[in-house]
Amino acid sequence: MENVLLFFIDGLGIGTRGPHNPFDGLEEVAPLAIFQAERTLVPFDGVLAPTDACMGIAGRPQSASGQTTILTGINAPAAIGYHKQGFPNQALLDIIREHSIFVQLKKAGIHPIAFANTYTRAFFESRPRWVSATTAAVEAAGLSFNTLPDLIAGRAVYQDFTNAVLIERGEEVNLRTPAEAGECLANIVAQNRFTLYEYFITDKIGHAQDREAANRVLPMLARFIRTLLAKLDLERSTVILTSDHGNIEDLSVRNHTLNPVPTIVWGKGREMIASRTRSLVDITPAIVERLTGAVRN
Ligand SMILES: [Zn+2]
């Protein structure tokens, strides 16, 4: 059975070469080392589609509207007239509740579908007033959240896939190497028709302009992705990696960038999906078509 993984990375754009870009000169960051105006060979036969995150709306692209667009296929900045930072407002929540990828796949009878990330008990005990686009999408579709027992049993991955952040907070879980985390995520992908995984430390590092953290984290993120791809059966699986806006690729500025983001597609249907991906609105329709068989190649 064919399956799709949407691997969302917050704050990853296609930057230029130079000392402002932590990917430039950093070894071991394939497949993420992609530079403007350079033809890049992506490992595991990945196909790169530079993707517009501005979507015709002035200003810097932001997380709430960008993630809403990725997860629904609707141009959220155009719908509300601006790029919305942080967490979705009511207008974006309405779009997510009605049109999220999870809702669309459920309606089409695609099952099982999974959100691979892990939530801690603290999140449910003191639930924040506003939640991320992904959290809202998962809740609206009636999917269950993974918690620490799922992580320990190998059924989930934490957003910091090494679990180091969890251990710092006093949770009793084991550290995972990037390779172990990649294998775990590959197993989850193989057991579901559609899986979403999201990673957002990249955006935090970009805002902090933290070169040391970038040098430490980016090679681990790349190793995680390479192991994931090595463990997947790419004859059956499609992996779509994308981002909501640029940030970490330019550490000379604290803000998000106007750069295109890299959508990288691996496995089944990669050429077709990449060739049709121009902006963030194209991600969800590609996944729905892939899984419902509306387009076959
Ligand atoms: Zn940000």
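Up top you'll find the structure we're talking about.
These remarks concern the structure in this document. (Residues numbered from 1 in each chain as written. Predicted model: local features only at pLDDT ≥ 70, side-chain atom pairs only at ≥ 80, totals over all residues. Heavy atoms only, no water.)

Moving on, we get to the layout of surface pockets. Its boundaries defined by the atoms lining it, the largest pocket holds a volume of some 1200 Å³. Gln 159, Glu 198, Phe 200, Ile 201 and Lys 204 are the residues nearest the centre of the largest pocket, which is lined by 44 residues in total. Among the secondary structure elements, those contributing two or more residues to the lining of the largest pocket are helix H1 (63-72), helix H5 (121-125), helix H8 (164-168), strand S4 (194-199), helix H10 (201-208) and helix H11 (211-231). Among the elements that line the lining of the largest pocket, the one with the most residues is H10, at five residues. Among the residues making up the lining of the largest pocket, the classes are represented as 19 nonpolar, 15 polar and ten charged. (1 Å grid on protein atoms, 1.4 Å probe; cavity = no way out; pocket = protein on both sides within 12 Å on 5 of 7 lines; lining within 4 Å. Points joined across faces, edges and corners; volume = space filled by probe spheres on them. Helix = DSSP H or I, 4+ residues; strand = E, 2+ residues; numbered from the N terminus. Nonpolar A, V, L, I, M, F, W, Y, C, P; charged D, E, K, R; others polar.)

With 21 residues, H11 should reach 30 Å at 1.5 Å per residue; the first-to-last C-alpha distance of 30 Å fits that figure. In H11, a bend of some 25 degrees at Val 217 exceeds every other bend along the element, and Pro 219, a proline, comes one to four places later. If you follow the buried residues of H11, they end up packed against strand S1 (3-9), helix H9 (178-190), S4, H10, strand S5 (237-242) and strand S6 (261-267). Where H11 begins, the side chain of Asp 210 points an oxygen toward the backbone nitrogen of Glu 212, at a separation of 3.2 Å. (Expected span 1.5 Å × (residues − 1). Bend = angle between axes of the 7 residues up to and from the residue. Contact = heavy atoms within 4.5 Å. Polar contact = N/O pair within 3.5 Å; in protein donor to acceptor, adjacent residues only side chain to side chain.)

In total, this model carries two cavities of 30 Å³ or more according to the counting rule given. For the second largest cavity, the calculated volume is near 50 Å³. Lining the second largest cavity are Phe 8, Gln 67, Ile 70, Leu 71, Thr 134, Leu 196 and Glu 198. Secondary structure elements with two or more residues in the lining of the second largest cavity: H1 and S4. For the lining of the second largest cavity, the element with the highest residue contribution is H1, accounting for three residues.

A few words now on the coordination of the zinc ion. Four donors placed tetrahedrally around a metal ideally meet at 109.5 degrees, and six donors placed octahedrally ideally meet at 90 or 180 degrees. Note on the zinc ion: its protein donors are Asp 203 (OD), Asp 203 (OD), His 207 (NE2) and His 256 (NE2). The metal-donor distances range over 2.1 to 2.7 Å. Here the zinc ion is ringed by four donor atoms whose angles at the metal span 52 to 137 degrees, and the overall shape comes out irregular. Within one chain, the residues donating to the zinc ion are spaced in sequence as D-x3-H-x48-H. A residue pair is termed long-range when its members are at least 10 positions apart, and Asp 203 in helix H10 and His 256 in the loop between S5 and S6 qualify at 53 residues. Judged by relative accessible area, His 256 falls into the buried class, the value being 5%. (Donors = N, O, S within 2.8 Å, 3.2 Å for Na, K, Ca; no water. Tetrahedral: all angles 85-135°; square planar, octahedral: opposite > 155°, others 65-115°. Buried < 20%, exposed > 50% of the residue type's maximum accessible area, 1.4 Å probe, protein only.)

What follows deals with the packing of aromatic side chains. How two aromatic rings sit relative to each other is set out by the distance from centre to centre and by the angle between their planes. Counted according to the given criterion, the structure contains twelve aromatic pairs. Both rings, one in Phe 7 and one in Tyr 197, keep their centres 5.2 Å apart while their planes meet at 65 degrees; by these two values the pair is edge-to-face. Of this pair, Phe 7 sits in strand S1 while Tyr 197 sits in strand S4, and the two are 190 residues apart along the sequence. Note on Phe 7: relative accessible area 1%, which makes it buried. Here the aromatic cluster, defined as three or more aromatic residues joined through ring pairs, consists of Phe 7, Phe 161, Tyr 197, Tyr 199 and Phe 224. (Phe/Tyr/Trp six-rings, centres within 6.5 Å; stacked < 30°, edge-to-face > 60°.)

Following both chains from N to C, one finds H1 and helix H3 (residues 90-99) inclined at 15 degrees, their axes separated by 10 Å at the closest point. Viewed along their axes, H1 and H3 adopt a mutual orientation that is roughly parallel. Pair H1 / H3 crosses with left-handed handedness. Here H1 contributes Ala 64, Ser 65, Thr 68, Leu 71 and Thr 72 to the contact with H3, which in turn contributes Leu 92, Ile 95, Ile 96 and His 99. Looking at the contact of H1 with H3, its residues break down into five nonpolar, four polar and no charged. (Axes fitted to C-alpha atoms, helices over the stretch in contact; angles between N-to-C directions. Parallel < 35°, antiparallel > 145°, perpendicular 65-115°, else oblique. Left-handed = near helix turned anticlockwise from the far one by under 90°.)

This part covers the environment of Val 239. Mapping Val 239 onto the fold places it in strand S5. If we skip the residues at most four places from it in the chain, Val 239 touches Leu 5, Leu 229, Leu 232, Ile 264, Val 265 and Trp 266.

Read across the open sheet, the six strands follow the order S2-S6-S5-S1-S4-S3; overall the sheet is mixed. Of all strands in the sheet, those with a lone pairing partner are strand S2 (47-51) and strand S3 (113-115), marking the two edges. With strand direction ignored, the average angle separating the axes of adjacent strands in the sheet is 15 degrees. Here six bridges tie S1 to S5, and the two strands are oriented parallel to one another. Bridging from a neighbouring strand, Leu 5 pairs with Val 239 of S5. Along the sheet face, H9 touches S1, S4 and S5 and points at about 135 degrees away from the line of S1. (Pairing = 2+ DSSP bridges.)

With that settled, the discussion passes to the pattern of salt bridges. For the structure on display, the rule yields nine salt bridges. Between Arg 290 and Glu 2 there is a salt bridge, with its nearest N and O atoms 3.4 Å apart. Taken as a pair, Arg 290 in helix H13 (residues 283-292) and Glu 2 in the segment before S1 lie far apart in primary sequence, 288 residues in all. Residues Arg 290 and Glu 2 agree in their burial class; the two are buried. Of the charged contacts in the structure, one is a salt bridge between Glu 28 and Arg 226, with a shortest N-O distance of 2.8 Å. (Salt bridge = Lys/Arg side-chain N within 4 Å of Asp/Glu carboxyl O.)

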